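Single-letter residue listing:
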Amino acid sequence: MKFNRQTTLRSQATVTGVGVHSGSPVSLTLGPASIDAGFIFIRTGADGIERRVPAVAKSVTSTEFATVLGDQQGPLVSTAEHVLAALRGIGVDNATIEIDGPEVPIMDGSSTAFVAAIDQAGIVEQSAARRFIQVLKPVRVKRGEAFGELRPYGRGLRVEVEIDFANPVIGHQDYALDLNPETFRREISRARTFGCLNDVAKLWRAGFARGASFENSMVFDDERLLNVGGLRYADECARHKVLDAIGDLALAGLPLIGGYHSVCGGHKLNHAVLSALMADRTAWRVVEGQPASRPRSQGEAVGGMVGGMVAAYGPNVS
């Protein structure tokens with residue numbers, strides 16, 4: 001595949017599960033979308049009326065424990081980050097995400113089920129060149145001890161995350177990744193969401209985590225991980241934060257060429273940094289990938305994409 005052209009899904013694939021915060025059953029179907037469509041959430045209500053919301057930064061209505069997207073009618077879908085991470089991480093540019101409930105199913109707490117759905121549907125190349133948002137200068141947001149920064153980086157998207165939890169089992173962890181489909185599958189896609197046992201009652205009182213279980217979340221007390229089977233990676237918590245960041249940064253609307261560094265952050269900080277970038281038109285530009293002269297693997301395409309950038313676009317990206 002010439003992955004410097006845009007891609008979409010060949011067919012549809014469906015996953016079913018429950019929402020980690022709502023606890024409600026939900027079905028989600030990934031499907032093809034047209035050139036330059038990006039990622040579009042589609043939800044049909046009980047009245048049969050369909051609502052469509054593009055997965056872009058301006059659609060974010062909340063970032064409390066999850067990324068929530070909506071429009072002037074209100075929230076449409078919660079916990080969007082894991083499916084968006086899978087689409088962006090595997091190299092899909094345009095897709096529809098049909099959902100029959102208020103929240104993306106949590107599945108096993110990672111992106112594994114969404115990657116499998118993408119593989120089932122298949123990825124096909126489209127006729128238009130792939131476009132990217134290239135970061136031109138550093139943009140930084142600081143909130144107390146936490147900060148996040150997007151900066152220029154010449155080899156696609158690099159995500160660096162540091163976390164430091166009071167819980168001694170989690171503690172300080174860091175992880176860095178140059179994103180391409182192979183590294184996403186191998187290093188990030190299986191990392192699960194996590195929480196601390198002493199926070200559960202507080203989350204329940206706030207209306208969150210009603211669907212959380214040992215089947216879809218890592219749960220720690222002050223001495224150990226409580227899940228049977230243990231960790232998938234020694235630094236799984238940091239890797240999951242990288243997964244979340246990839247999903248949140250997918251709301252740029254196009255793949256990013258830049259480096260993202262987050263310290264003690266989360267959805268709120270990820271969104272704040274991306275919004276700060278998009279608000280400064282001197283900090284980024286849209287560039288286009290040159291069509292390849294021969295088919296290339298995903299790894300070749302991503303690794304060499306900056307050398308194929310040939311044109312800067314105008315100021316508007318949707």
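What this report covers is the structure whose coordinates are included nearby. (Residues numbered from 1 in each chain as written. Predicted model: local features only at pLDDT ≥ 70, side-chain atom pairs only at ≥ 80, totals over all residues. Heavy atoms only, no water.)

### Thoughts on the layout of surface pockets
Then comes step 1: Of the volumes computed, that of the largest pocket is approximately 1200 Å³.
Then comes step 2: Around the largest pocket, the lining comprises 40 residues; the ones closest to its centre are Phe-65, Phe-165, Phe-194, Gly-195 and Lys-241.
Then comes step 3: Sorting the residues of the lining of the largest pocket by element identifies α1 (81-90), β14 (157-164), β16 (194-196), α4 (200-205), β17 (218-220), α5 (236-249) and α6 (267-279) as the ones contributing at least two each.
Then comes step 4: The element contributing the most residues to the lining of the largest pocket is α4, with 4 residues. (1 Å grid on protein atoms, 1.4 Å probe; cavity = no way out; pocket = protein on both sides within 12 Å on 5 of 7 lines; lining within 4 Å. Points joined across faces, edges and corners; volume = space filled by probe spheres on them. Helix = DSSP H or I, 4+ residues; strand = E, 2+ residues; numbered from the N terminus.)

### Some words on the pairing of strand β15 (residues 172-178)
The two faces of the sheet receive side chains in turn, since in a regular strand these alternate between them.
Then comes step 1: Burial of the side chains of β15 is restricted to one face: Gln-173, Tyr-175 and Leu-177 are buried, whereas none of His-172, Asp-174, Ala-176 and Asp-178 on the reverse face is.
Then comes step 2: Relative to β15, β14 runs antiparallel, the two being bridged by 7 bridges. Directly across from Asp-164, in β15, lies its bridge partner His-172. (Buried < 20%, exposed > 50% of the residue type's maximum accessible area, 1.4 Å probe, protein only. Pairing = 2+ DSSP bridges.)

### Description of the packing of aromatic side chains
Then comes step 1: Using the criterion set out here, one finds 1 aromatic pair in the structure.
Then comes step 2: With a centroid separation of 5.5 Å and an interplanar angle of 65°, the aromatic rings of Phe-165 and Phe-194 are classed as edge-to-face. With Phe-165 in the loop between β14 and β15 and Phe-194 in strand β16, this residue pair connects regions lying 29 residues apart in the sequence.
Then comes step 3: Residue classification places Phe-165 among the partly exposed positions, given a relative accessible area of 31%.
Then comes step 4: If you follow Arg-140 out to its NZ or CZ, it ends over the ring of Phe-147, 3.9 Å from the centre. (Phe/Tyr/Trp six-rings, centres within 6.5 Å; stacked < 30°, edge-to-face > 60°. Lys NZ or Arg CZ within 6 Å of the ring centre and 35° of its normal.)

### Observations regarding the environment of Leu-254
Then comes step 1: Secondary-structure assignment places Leu-254 in the loop between α5 and β18 (256-263).
Then comes step 2: Overall, the relative accessible area of 9% leaves Leu-254 in the buried class.
Then comes step 3: When the C-alpha atoms of Leu-254 and Phe-132 are compared, they prove to be 5.4 Å apart, with 122 residues separating the residues in sequence.

### Here we look at the sheet that holds strand β2 (residues 13-18)
Then comes step 1: Strand order in this open sheet of 5 strands is β2-β3-β9-β4-β5, and the pairing throughout is mixed. With partners counted over all chains shown, the strands left at the sheet margins are β2 and β5 (50-54), one partner each. The sheet shows a mean angle of 20° between the axes of neighbouring strands, taken without regard to direction.
Then comes step 2: α1 contacts β3 (25-32), β4 (39-44) and β9 (95-99) of the sheet and is inclined by roughly 145° relative to β4. (Axes fitted to C-alpha atoms, helices over the stretch in contact; angles between N-to-C directions. Contact = heavy atoms within 4.5 Å.)

### Considering the pattern of salt bridges
Then comes step 1: By the definition in use, this model includes 17 salt bridges.
Then comes step 2: Between Glu-160 and Arg-151 there is a salt bridge, with its nearest N and O atoms 3.0 Å apart.
Then comes step 3: On the basis of relative accessible area, Glu-160 is assigned to the buried category, the value being 17%.
Then comes step 4: Here Arg-155 and Asp-178 are joined by a salt bridge, their closest N and O atoms 4.0 Å apart. (Salt bridge = Lys/Arg side-chain N within 4 Å of Asp/Glu carboxyl O.)

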